[in-house]
Structures are given as C-alpha cells and as structure tokens.
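So you can see what is in the structure, the chains are spelled out below.
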Amino acid sequence: DAGVIQSPRHEVTEMGQEVTLRCKPISGHDYLFWYRQTMMRGLELLIYFNNNVPIDDSGMPEDRFSAKMPNASFSTLKIQPSEPRDSAVYFCASSLLGLAYEQYFGPGTRLTVT
Amino acid sequence: AQRVTQPEKLLSVFKGAPVELKCNYSYSGSPELFWYVQYSRQRLQLLLRHISRESIKGFTADLNKGETSFHLKKPFAQEEDSAMYYCALWEGNTPLVFGKGTRLSVIA
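The following refers to the structure shown.

What counts as what
Residues numbered from 1 in each chain as written. Chains lettered and ligands numbered in written order. Predicted model: local features only at pLDDT ≥ 70, side-chain atom pairs only at ≥ 80, totals over all residues. Heavy atoms only, no water. Pairing = 2+ DSSP bridges. Helix = DSSP H or I, 4+ residues; strand = E, 2+ residues; numbered from the N terminus. Contact = heavy atoms within 4.5 Å. Buried area = accessible area lost by both parts, 1.4 Å probe. Salt bridge = Lys/Arg side-chain N within 4 Å of Asp/Glu carboxyl O. Polar contact = N/O pair within 3.5 Å; in protein donor to acceptor, adjacent residues only side chain to side chain. 1 Å grid on protein atoms, 1.4 Å probe; cavity = no way out; pocket = protein on both sides within 12 Å on 5 of 7 lines; lining within 4 Å. Points joined across faces, edges and corners; volume = space filled by probe spheres on them. Nonpolar A, V, L, I, M, F, W, Y, C, P; charged D, E, K, R; others polar. Buried < 20%, exposed > 50% of the residue type's maximum accessible area, 1.4 Å probe, protein only.

**Describing the sheet that holds strand 7 (residues 60-61) of chain B**
Spatial strand order, 3-8-7 (chain B): 3 strands in an open sheet with antiparallel pairing. This sheet does not close on itself; its edge strands, each paired only once, are strand 3 (19-21) and strand 7 of chain B.

Structure, rendered in structure tokens:
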C-alpha cells in the first residue's frame, strides 16, 4: 500500500483563484482528516469524515473552504477564492477503527498563494 | 483554551546531551496521549503512545496525571533525532488534539 496519497505536492496560485487539494486514504480506513500546518498555529484540524460523512467541520476557517468525500477512496479540499493567508501545508490523514487509533498522514500539499 | 501545550517552539541540544520535550495537557478524565514526529521530507507519523509504555528510538514518555504532563525524553540525543515533534491528546469520542509542536535541532 502506498499509504495516504495527496496531490498536488506543491501548488502556487494567485490570490482569488480556486484551489483544489486531493486525497486518497488508505483502503479500508473509515476516518479521513484534513489538517493545516503553519509555523504560527501548528497543526490544525479542519474537518473530518467518518464513512464519507462529514462529522465536524468547526475547524474550517471560513466559508471559502469546503471539503467533500464522494466515496471511500477520494476526498477534496477546496479554497475559493484563495488568499495569501491560506498559504500553508495541508495534510490529509486516515485511520482505522476510530479516532483513538494511529492516524496515517499523507505527504502534504504545500500551498503558496501570491 | 489550549488543551495541549508544548511551551517550546524550538529546542536545540548538542549531540549526546539529554533531551526533554515538554507537553502539558488539560483534561479531567483519563486521557490517552501520543507523540507524533515529522522528520525532514518524511510524513508525520506516530512515535509512541503512553498506553504502550514502550521505548521507540530511545525515546520514552511517562504520563504524570498529577502534573498533567507527558514529556518526551531521551538520555543521549543523536543528529537523526532532529525533527518536528507533536504531542497529541485523545479525550474520547473526538479527534486527536495536537499541540503546536516543538522543533528539535540536535547540533553535532
């Protein structure tokens, strides 16, 4: 298994553009998490899904952010419109058997908004 | 209020010196605590969990309920220990709560 897969690995875009980040969790995992990592705030949970259903999106910074999980093997995080303060590394993680168990992280997408 | 506090953003130690990465938590129940590590150009991964009471790569962490702490320790730091370390708390039916992280730099 290749582990959690994220694409793209790097994204540079201009302010105002739409950005879509993609994630493929480990097969069979029933939880999927989206995180944002910055120097100032550390690792922040944005949203998580259980069996493709969004459970808690209270960490999503504002309405410009949205996430979907149309099936068990794919999720997207969309920012529209993007702003320079959205620049960060975005991680996707998945886990099996519930929240207490080991989360497997993807390599991250480094987003730069100019 | 922060539920997991890692007071040091950056910790620099010399090779061979002892290392202690501090973590304090706020939770009134019986917590489960974890340390995650992110080496350069690698994925964030679980290093150890308190319920396992194990030593991984020479690191140990003891849960001190009285002091609500879960400090990560290693007696002799090695250069390959340089990484970003996150303490994480699980309170029950909620996701892991991560601290802001401490970057450990081991100087040769």
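**Brief notes about the interface of chain B and chain A**
Size of an interface: often given as the accessible area lost when the parts come together. At the interface, 17 residues of chain B touch 22 residues of chain A. Summed over both sides, the interface of chain B with chain A buries roughly 1600 Å², with 56% coming from carbon and sulfur. Contact with chain A buries surface across chain B, with B:R43, B:L44 and B:P95 losing the most and accounting together for 34% of the total. Counting the contacts that link chain B with chain A gives 0 salt bridges. On inspection of chain B and its partner chain A, the count reaches 6 residue pairs in polar contact (both at pLDDT 80 or more). Of all the elements in the fold, those that place two or more residues in the side of chain B that touches chain A are strand 5 (32-38), strand 6 (45-49) and strand 9 (83-90) of chain B. Counting residues per element, the side of chain B that touches chain A draws most heavily on strand 5 of chain B, which supplies 3 residues.

**Some remarks on the layout of surface pockets**
With a probe scaled to a water molecule rolled over the atoms, the places where space remains empty come into view. Estimated volume of the largest pocket: approximately 730 Å³. Taken together, 29 residues line the largest pocket, and the ones lying closest to its centre are A:Q37, A:V89, A:R110, B:Q38 and B:R103. For the lining of the largest pocket, the elements supplying multiple residues, two or more each, are strand 4 (31-38), strand 9 (88-95) and strand 11 (109-113) of chain A together with strand 9 and strand 11 (102-107) of chain B. Along the lines of polarity and charge, the residues of the lining of the largest pocket split into 11 nonpolar, 11 polar and 7 charged. Together, 26 residues line the second largest pocket, and A:L43, A:E44, A:L45, B:R3 and B:V97 are the ones closest to its centre. For the lining of the second largest pocket, the secondary-structure elements that each account for two or more residues are strand 4 and strand 5 (42-50) of chain A together with strand 10 (97-98) of chain B. In terms of residues, the lining of the second largest pocket owes the most to one element, strand 5 of chain A, which gives 6 residues. The class makeup of the residues in the lining of the second largest pocket is 13 nonpolar, 6 polar and 7 charged.

**Notes on the pattern of salt bridges**
All names here are of chain A. For the coordinates displayed, the defined rule picks out 13 salt bridges over all chains. Ionic pairing is found between R36 and E44, a salt bridge with its closest N-O pair at 3.2 Å. Judged by its relative accessible area of 18%, E44 is buried. Two residues, R41 and E44, come together in a salt bridge whose shortest N-O distance is 3.5 Å. Here the residues in one salt-bridge network are E62, R64, E83, R85 and D86, joined through shared partners.

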